[in-house]
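# Report on the structure
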Amino acid sequence: MRLSEVSHPNQLHGLTTTQLEDIACQVRERHLQVVSTSGGHLGPGLGVVELTLALYQTLDLDVDKVVWDVGHQAYPHKLITGRYEQFHTLRQKDGVAGYLKRSESNFDHFGAGHASTSISAALGMAFARDRLGKDYKCVAVIGDGALTGGMALEAINHAGHLPSTPFLVVLNDNDMSISPPVGALSTYLNRMRHSAPVQFISDSVQESVKNLPFIGKEMPSEIKSLTGSVRRLAVPKVGAVFEELGFTYMGPIDGHDISQMVRTFQAAHRVGGPVLVHVATTKGKGYPYAEADQVGYHAQSAFDLTTGKSLPSKKPKPPSYSKVFGQTLVKLCEQDSKVVGITAAMATGTGLDLLQKAIPDQYIDVGIAEQHAVTLAAGMATQGLKPVVAIYSTFLQRAYDQLIHDVGIQNLPVTFVLDRAGIVGADGPTHQGQYDISYLRSVPNFTVMAPKDEAELQQMLVTCLEHNGPAALRIPRGPGEGVTLMEEGWDRIKIGRGELLEEGDDLLILAYGSMVAPALKTSSILRSSGIDATVINARFLRPLDQALIHPLARRIGKVVTMEEGTICGGFGAAVVESFSDQDLMVPTLRIGIPDKLVDHASPDQSKESLGLMPPQMSERIKERFGWSNPNSLFVKNSTSESIEK
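Residues numbered from 1 in each chain as written. Predicted model: local features only at pLDDT ≥ 70, side-chain atom pairs only at ≥ 80, totals over all residues. Heavy atoms only, no water.

## Comments concerning unusual backbone geometry
What counts, and what does not: Elements are defined by DSSP. Helices are runs of H or I of four residues or more, strands are runs of E of two residues or more, and each kind is numbered from the N terminus.
With an omega of -5 degrees, the peptide bond running from Gly 251 to Pro 252 counts as cis. Following the sequence through the fold, Pro 252 ends up in strand E5 (residues 248–254). For the bond from Arg 542 to Pro 543, the omega torsion is 0 degrees, close enough to zero to count as cis. Turning to its location among the elements, Pro 543 is positioned in the loop between strand E17 (540–542) and helix H22 (546–556). With a phi angle near 65 degrees, Arg 91 is a residue other than glycine that sits in the positive phi range.

## Regarding the side chain of Thr 343
We apply this condition: Residue exposure (1.4 Å probe, protein chains only): buried if accessible area is under 20% of the type maximum, exposed if over 50%, otherwise partly exposed. Side-chain atoms alone can form a polar contact between residues adjacent in sequence; in general such a contact is a pair of N or O atoms within 3.5 Å, and within protein one must be able to donate a hydrogen while the other accepts it. For this analysis, residues touch if any pair of their heavy atoms sits within 4.5 Å.
Turning to its location among the elements, Thr 343 is positioned in strand E8 (residues 339–343). Owing to a relative accessible area of 0%, Thr 343 belongs among the buried residues under this scheme. From its side chain, Thr 343 meets the backbone nitrogen of Met 346 in a polar contact 3.3 Å long. Sequence-distant contacts of Thr 343, defined by excluding residues within four places in its chain, comprise Thr 350, Leu 352, Tyr 363, Ile 364, Asp 365, Val 366 and Ala 390.

## What about the sheet that holds strand E15 (residues 507–511)?
Here is the rule we go by: Paired strands, in this sense, are two strands between which DSSP finds at least two bridges. Orientation is described by lines fitted to C-alpha atoms, with helices fitted over the stretch in contact, and by angles between N-to-C directions that extend from 0 to 180 degrees.
One open sheet holds the five strands; their spatial order is E14-E16-E15-E18-E19, and the pairing between them is mixed. Each edge of the open sheet is held by one strand with a lone partner, namely strand E14 (499–502) and strand E19 (588–593). With strand direction ignored, the average angle separating the axes of adjacent strands in the sheet is 25 degrees. Here four bridges tie E15 to strand E18 (residues 559–566), and the two strands are oriented parallel to one another. Bridge pairing in E18 places Leu 510 opposite Thr 561. Across the sheet, H22 is in contact with E14, E15, strand E16 (533–537) and E18; its angle to E15 comes to roughly 150 degrees. Helix-sheet contacts for helix H25 (residues 614–624) involve E15, E18 and E19, and the interaxial angle to E19 is about 150 degrees.

## As for the packing of aromatic side chains
Definition in use: Side-chain rings of Phe, Tyr and Trp, where Trp is taken by its six-membered ring, are said to pair if the distance between their centres is within 6.5 Å; with planes under 30 degrees apart they count as stacked, over 60 as edge-to-face, and otherwise as tilted. Our definition puts a charge over a ring when NZ of Lys or CZ of Arg is within 6 Å of the ring centre and also within 35 degrees of the ring normal.
One pass over the structure, following the stated rule, counts 11 aromatic pairs. Ring centres of Tyr 75 and Phe 87 lie 5.8 Å apart, and the angle between their planes is 80 degrees; on these two criteria the pair is classed as edge-to-face. In this pair, Tyr 75 sits in helix H4 (residues 75–79) while Phe 87 sits in the loop between H4 and helix H5 (118–131), placing the two residues 12 residues apart along the sequence. Members of the aromatic cluster, connected to one another through ring pairs, are Tyr 287, Tyr 289, Tyr 297 and Phe 303. A cation sits over an aromatic face here: Arg 30 above Tyr 84, 4.7 Å from the ring centre.

## Some remarks on the confidence of the model for the protein
Definition in use: pLDDT runs from 0 to 100 and stands for how confident the predictor is about each residue.
On average, residues of the protein score 88 in pLDDT, and 88% of them reach the 70 mark or higher. Segment residues 196–206: pLDDT under 50, and 21 contacts once partners within four positions in sequence are set aside and those in other chains are kept. Low pLDDT, under 50, characterises residues 223–234; the predicted model gives this stretch 17 contacts beyond four residues in sequence or across chains.

## As for the pattern of salt bridges
To keep it simple, the criterion reads: Throughout this description, the term salt bridge denotes a Lys or Arg side-chain nitrogen within 4 Å of a carboxyl oxygen of Asp or Glu.
Enumeration according to the criterion identifies 24 salt bridges in this entry. A salt bridge links Asp 427 to Arg 477, with the shortest nitrogen-to-oxygen separation between them at 3.9 Å. Placement of Asp 427 in the loop between strand E11 (415–419) and helix H19 (436–441) and of Arg 477 in the loop between strand E13 (471–474) and E14 is noted, with a sequence separation of 50 residues between them. Exposure remark for Arg 477: the relative accessible area of 39% places this residue in the partly exposed category. Across the pair Glu 456 and Lys 452 runs a salt bridge, and its minimum N-O distance is 3.4 Å. Summarising the burial analysis for this pair, Glu 456 and Lys 452 share the class buried. What you see here is one network of salt bridges that share partners, running through Lys 452, Asp 453, Glu 456, Glu 499 and Arg 539.

## Regarding the sheet that holds strand E9 (residues 363–365)
Where strands meet in a sheet, backbone hydrogen bonds hold them as pairs that are either parallel or antiparallel. Strand order in the open sheet formed by seven strands is E9-E8-E10-E11-E13-E12-E17, and the pairing between neighbours is mixed. Each end of this open sheet is capped by a strand with a single partner; those strands are E9 and E17. Across the sheet, the axes of successive neighbouring strands diverge by a mean angle of 20 degrees, strand direction being ignored. The pairing of E11 with E13 spans four bridges and is parallel. By the bridge assignment for E13, Phe 416 is matched with Ala 472. Each of E8, strand E10 (386–392), E11, strand E12 (447–449) and E13 touches helix H20 (residues 454–466); the most contacted strand, E13, lies at about 165 degrees to it.

## Observations concerning helix H18 (residues 400–408)
Selection rule: The arc in question is the one traced by the directions running from the helix axis out to the C-beta atoms.
Buried within H18 we find Gln 402, Leu 403, Asp 406, Val 407 and Gly 408. Viewed end-on, H18 has its buried residues packed into an arc of 155 degrees, placing them on one side of the element.

## Describing the environment of Asn 537
Assignment of secondary structure puts Asn 537 in strand E16. As a C-alpha pair, Asn 537 and Val 516 span 21 residues in sequence and 6.1 Å in three-dimensional space. Once residues lying within four places of it in the same chain are set aside, the contact partners of Asn 537 are Lys 452, Glu 456, Gly 498, Glu 499, Leu 501, Ala 511 and Val 516.

## Description of H22
For H22, every residue scored as buried is listed here: Ile 549, His 550, Leu 552, Ala 553 and Ile 556. Where H22 is buried, its residues meet E15, E16, E18 and helix H23 (571–581). Where H22 ends, the next residue or the one after it, Gly 557, has phi of about 85 degrees, a positive value.

## Here's the deal with the environment of Arg 554
Looking at the element boundaries, Arg 554 is found in helix H22. Exposure remark for Arg 554: the relative accessible area of 52% places this residue in the exposed category. Separated by 46 residues in the primary sequence, Arg 554 and Leu 508 place their C-alpha atoms 9.9 Å from one another.

## Looking at the nonpolar core
Across soluble globular proteins, nonpolar side chains show a tendency to be buried alongside one another. Spelled out, the test is: Note on terminology: a nonpolar core comprises buried Ala, Val, Leu, Ile, Met, Phe, Trp, Tyr and Cys residues joined through side-chain atoms within 4.5 Å.
Of all hydrophobic cores here, the largest spans 52 residues; its most connected members are Leu 42, Leu 55, Val 66, Trp 68, Leu 168, Phe 265 and Val 277. It is helix H1 (residues 17–38) that contributes the most residues to this core, seven residues altogether. Val 407, Leu 412, Leu 440 and Leu 552 belong to the second largest nonpolar core, which has 50 residues in total.

## As for the packing of helix H21 (residues 516–527) against H25
Here is the rule we go by: Small angles under 35 degrees read as roughly parallel and large ones over 145 as roughly antiparallel, with 65 to 115 read as roughly perpendicular and the rest as oblique. Crossing handedness follows the turn of the near helix against the far one: under a right angle anticlockwise gives a left-handed crossing, and clockwise gives a right-handed one. Nonpolar residues are Ala, Val, Leu, Ile, Met, Phe, Trp, Tyr, Cys and Pro. Charged residues are Asp, Glu, Lys and Arg, and all others, Gly as well, are polar.
Remark: H21 packs on H25, axes separated minimally by 8 Å, with the N-to-C direction vectors making an angle of 60 degrees. As far as their axial angle goes, H25 and H21 are oblique. Taken as a pair, H21 and H25 cross one another with a handedness that is right-handed. Of H25, the residues touching H21 (which contributes Pro 518, Lys 521, Thr 522, Ile 525 and Leu 526) are Pro 614, Pro 615, Met 617, Ser 618, Ile 621 and Lys 622. Of the residues contributing to the contact of H21 with H25, the split by class is seven nonpolar, two polar and two charged.

Right, here's the structure in full:
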């Protein structure tokens, strides 16, 4: 059978192990072809090819439910569920999503882009099944890195309390998250990976006991208890932990041995209660470069399949905001031993890998545990340390209560650096950093800011560390503006002080963070139509520089706000609210992300679809304020007021 002929996973039922292994080779080949061309997640999917095929041999995907944690490990799932022909559009506009998406396929039973959600979701499906009197299997596939998340452990705790609920958790243990996993649980799992497979001896013990004289087929409860105890003696330490939590533990088994996995999954389905199957896999399996560098090949931009090297950029780019942040933090840590960098399993993405290499004693990775990261930092701050928590904007959403309860209310000096803030592109709705402006505005005692470029980022990081209270600093994905950087000696910025960049009498543009450069380009376009704008780099969301903004708004009388975030409760809303509080009635156009989900596409494609490119914004401004009439001529009178003839 050819992979291109597979439109339904049930078509693979009944194939021999040899035939399934041939399909596995085809899945890897297609996976590598597409990701090497368009970019995407590589290592996670390559590692679960055999696991996917073996699991689906034991399921009917028309009725049974499978929840893949995170979803970037589910590329093989997509290739055997009717998306082979469209797979070349992976992560492209209007193409196949990089994560599971319920609206994309009936086989995507639950969508997710954040880790540690699968067990809860699949358990919810199992509960609904039993409640409604239906009959289907529910499976959660979770990686060992995601198992470090508190939500996954909460779900395991709950599932173990439901001994009569048939429910399967497949632990895909590749000894990796994006970076190597951390913590005691990871150490336990690693120990188990190197132990002999568990022999499920309870059945054989039970059969032996039944043959004893005077016992017969019905065993006394005392003997049943004894067989359970004997079984636990055969289960390695971590397996015993799962058993004590109410799961039947099976494993570890070879995650690249299809026949062994099929037999184990079939046995797991027969248990009748919560089961955890521990599957040991190799991240990047089948592609030597990905196996050798499991961090670097977790996700890749377009690369040469033969050499494994990324394709060179068409033109050199300035260093990324993440890299500038990481380099600056290393310098600040060298100067002050009280500064500590904290990440939640995203060292490379946030630039903290530079600190890890340079000063490991001032670096902490807590695993996929954002809530813990925030409260850990709060505890540090109470004792005089200066924690810097670097987490993606989209992931910090998971710790909102901790921001309020543990940091904000207690007014603790913790610095938060929100990477990937704004439009992030191909990862789609689950990863867009569009909500942090809104969700940070209301957190008590927080100072919230965003730099116009990478040099201002350096100044703001110093400002945060010298501020005696919680502070949040948002930075966008990708390269900076290419401005000159200082290696040290950065000046702090006065809290709540904006920056006047251009002066004009027709329009006031207030831009926040990454929208400052587009605002200047928009101003230039407007100037060619005879409209002169004053442009302000707001710098601070909280507190706003009302002393600068309000007099200009009152004098000019037309205001535009620009932000790379949702306009619902965002920067523009803060400006309008400040006007209202002062009874300042000024026509204001808010430009930002409308109240909608932003699907996967390139960042520029997303911004164009949202009307956030400078030519589009200039047209929106002219239309909003009555300057769009092509027959109009804008001239200046003696008092420098804009008039229309």
